[in-house]
Amino acid sequence: MQEFNIVTTFAEKHKWGHDMVTSCEKYLPSNCTISVYLDQELPEDRERVKYYKLPEERIQKFKEWFVPIKNSKIPPNVECNSDVYNKNLYYFWDADRFCYKVYAMNEAIRSQQNRYMVWVDADVLFESAPSNEWMKSLINEGTYTSFLHRKTRHAETGFVIFDKEHSYNDGWWDTVMDLYDNGKITQIESGWTDSHVHDYMISLSTKNGVKHTRLSKNATHAWNESPLIKHCRHFKGLRANNEHGSNK
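Let me sum up the structure you'll find in this document. The structure presented is a predicted model; accordingly, all values stated were derived computationally and were not measured.

Digging into the pattern of salt bridges
Should the charged atoms of two oppositely charged side chains come close, the side chains can pair.
For step 1, the next point in the chain: According to the stated counting rule, one finds 13 salt bridges in the structure shown.
For step 2, the next point in the chain: Notably, a salt bridge pairs D194 with K101, separated by 3.1 Å at the nearest N-O pair. Placement of the pair is D194 in helix α7 (residues 194-207) and K101 in helix α4 (residues 95-111), with a sequence separation of 93 residues. The pair D194 / K101 is uniform in exposure class, with both members buried.
For step 3, the next point in the chain: For D178, the salt bridge goes to K184, with nearest N and O atoms at 2.8 Å.

Here's the deal with the nonpolar core
For step 1, the next point in the chain: Ranked by internal contacts, the top residues of the largest apolar core, which has 37 residues, are F162, W172, W173, V176, Y180 and I185.
For step 2, the next point in the chain: Within the residue set of this core, elements represented by two or more residues are α2 (56-72), α4, β4 (116-120), β7 (156-163), α6 (169-181) and α7.
For step 3, the next point in the chain: Looking at this core element by element, the count peaks at eight residues for α4.
For step 4, the next point in the chain: Discounting chain neighbours no more than four positions away, the residues touching V176 are V102, V197 and M201.
For step 5, the next point in the chain: Core analysis: the second largest hydrophobic core is formed by 32 residues, C32, V124, L138 and A219 among them.

Concerning the pairing of strand β1 (residues 4-9)
For step 1, the next point in the chain: In terms of residue burial, β1 counts as a mostly covered element, since six of its six residues are buried.
For step 2, the next point in the chain: Burial along β1 is two-sided: the residues F4, I6 and T8 and N5, V7 and T9 are all buried.
For step 3, the next point in the chain: Bridge count between β1 and strand β2 (residues 32-38): six bridges; the pairing is parallel. Along β2, the bridge assignment pairs I6 with I34.
For step 4, the next point in the chain: Note that the unit made of β1, helix α1 (residues 16-27) and β2 has a crossover that is right-handed.
For step 5, the next point in the chain: Relative to β4, β1 runs parallel, the two being bridged by four bridges. Residue pairing across strands places I6 opposite V118, the latter belonging to β4.

As for empty space enclosed by the protein
A water-sized probe rolled over the atoms picks out the places where empty space is left.
For step 1, the next point in the chain: Counting across every chain of the model gives two cavities of 30 Å³ or more.
For step 2, the next point in the chain: The calculated volume of the largest cavity comes to roughly 100 Å³.
For step 3, the next point in the chain: In terms of lining residues, the largest cavity is bounded by V102, M105, T157, V160, F162, W172, W173, V176, D194, V197 and H198.
For step 4, the next point in the chain: When contributions to the lining of the largest cavity are tallied by element, the ones reaching two or more residues are α4, β7, α6 and α7.
For step 5, the next point in the chain: In the lining of the largest cavity, the residues fall into eight nonpolar, two polar and one charged.
For step 6, the next point in the chain: The wall of the second largest cavity is formed by Y116, I139, T143, Y144, T145, S146, I161, F162 and D163.
For step 7, the next point in the chain: At the level of elements, β6 (145-150) and β7 are the ones that each hand at least two residues to the lining of the second largest cavity.
For step 8, the next point in the chain: Here the element with the most residues in the lining of the second largest cavity is β7; it accounts for three residues.

Here's the deal with the packing of aromatic side chains
For step 1, the next point in the chain: One pass over the structure, following the stated rule, counts 18 aromatic pairs.
For step 2, the next point in the chain: Between the aromatic rings of F62 and Y103, the centroid separation amounts to 6.4 Å while the plane-to-plane angle is 55°, which identifies the pairing as tilted. Pair noted here: F62 is in helix α2 and Y103 is in helix α4, with a separation of 41 residues, a long-range link.
For step 3, the next point in the chain: Classification of Y103 by relative accessible area gives buried; the value is 1%.
For step 4, the next point in the chain: Members of the aromatic cluster, each reached through a chain of ring pairs, are F62, W65, F66, Y91, F92, W93, F98, Y103, Y180 and W192.

What to know about the sheet that holds β2
For step 1, the next point in the chain: Read from one edge of the open sheet, seven strands run β3-β2-β1-β4-β7-β6-β8, paired in mixed fashion. Each having just a single partner strand, β3 (49-53) and β8 (213-219) make up the two edges of the open sheet. Averaged over all adjacent pairs, the angle separating strand axes in this sheet is 20°, with direction ignored.
For step 2, the next point in the chain: Bridge count for β2 against β3 is five bridges, and the pairing is parallel. By the bridge assignment, V36 is partnered in β3 with Y51.

Some thoughts on the state of the cysteines
What makes a disulfide is a covalent bond joining the sulfur atoms belonging to two cysteines.
For step 1, the next point in the chain: Under the definition given, this model contains zero disulfides.
For step 2, the next point in the chain: Not part of a disulfide, C232 finds its nearest cysteine sulfur in C24, a span of 8.5 Å.
For step 3, the next point in the chain: Using a relative accessible area of 1% as the deciding quantity, one classes C232 as buried.

What counts and how
Residues numbered from 1 in each chain as written. Predicted model: local features only at pLDDT ≥ 70, side-chain atom pairs only at ≥ 80, totals over all residues. Heavy atoms only, no water. Salt bridge = Lys/Arg side-chain N within 4 Å of Asp/Glu carboxyl O. Helix = DSSP H or I, 4+ residues; strand = E, 2+ residues; numbered from the N terminus. Buried < 20%, exposed > 50% of the residue type's maximum accessible area, 1.4 Å probe, protein only. Core = buried A, V, L, I, M, F, W, Y, C linked by side-chain atoms within 4.5 Å. Contact = heavy atoms within 4.5 Å. Pairing = 2+ DSSP bridges. Right-handed = clockwise from strand over helix to strand, strands pointing away. 1 Å grid on protein atoms, 1.4 Å probe; cavity = no way out; pocket = protein on both sides within 12 Å on 5 of 7 lines; lining within 4 Å. Points joined across faces, edges and corners; volume = space filled by probe spheres on them. Nonpolar A, V, L, I, M, F, W, Y, C, P; charged D, E, K, R; others polar. Phe/Tyr/Trp six-rings, centres within 6.5 Å; stacked < 30°, edge-to-face > 60°. Axes fitted to C-alpha atoms, helices over the stretch in contact; angles between N-to-C directions. Disulfide = S-S within 2.5 Å.

Structure below.
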C-alpha cells in the first residue's frame, strides 16, 4: 500500500488539470499514487494515475437544494447592496461552485487504501521532485490535517493532507457531508466555500482536542511561506492565462 494518495478534480474545460496530473506523475516520489475525479468520460488509467467518476447524483441533489437559496438568501451579516457582497467576496457564498472538491475528497477518503489523502487543486504544478522523506516531513504524528493557515483570511485549501488512521477521520467527514447533504452549510456565517467549511471543521475539531499541523504560520502568502514553494506552485486564476503565479 502506498502511503500517499494525491486527489484532485477539475471540469472538462479546465485543460490545465491534465498538466497538473502529469506533473504529479512525473515528479512525485514512489510512495504516492494519484486519483482524479471527473464528471466527464474517463481517460484510460495509467500506472500511478487512476480516474474515477464524481458522485454526480449526490452533487446534483445538493445543487438543486442550494442554488435557489443562494439566489434568494442574503448571506449572513452582509448587506445585500454592499460592495463586499456584490464584488470582492461574492464567491464566499458559491457553495455549488466549490462543492465538487469536497465530494471528491469524501469519495476518495472513504474508498482508497492509502494512509494519507492529499488534496491538491488542479491549478497546481509540480516543478521538481520531492523525496519520500520530504512528503513525510509535512506531517506531525498525532495531528489529523496538515494545511495552509492564513492570518487574515480563510485557510488556503489548495493543498491539504488528511491522516485516515486518525481517530477523528470518520467524525470529520460525517460532519462535513452532513453540512452538504442535509442543508446545514448555510449555518456557517463566515462563508460557504470549501475553505470556510475547512475553517469551521478546524475550529470544531480543535475544541474536541484534535491537533492540526500548520504548513504556514500567520502567513499572508500562504503557499510562498510554506515548504510547498520548494517543489510546486499554485497558479490560481493566473493558470488559465498560462501565467506564472503563486497563491495569495
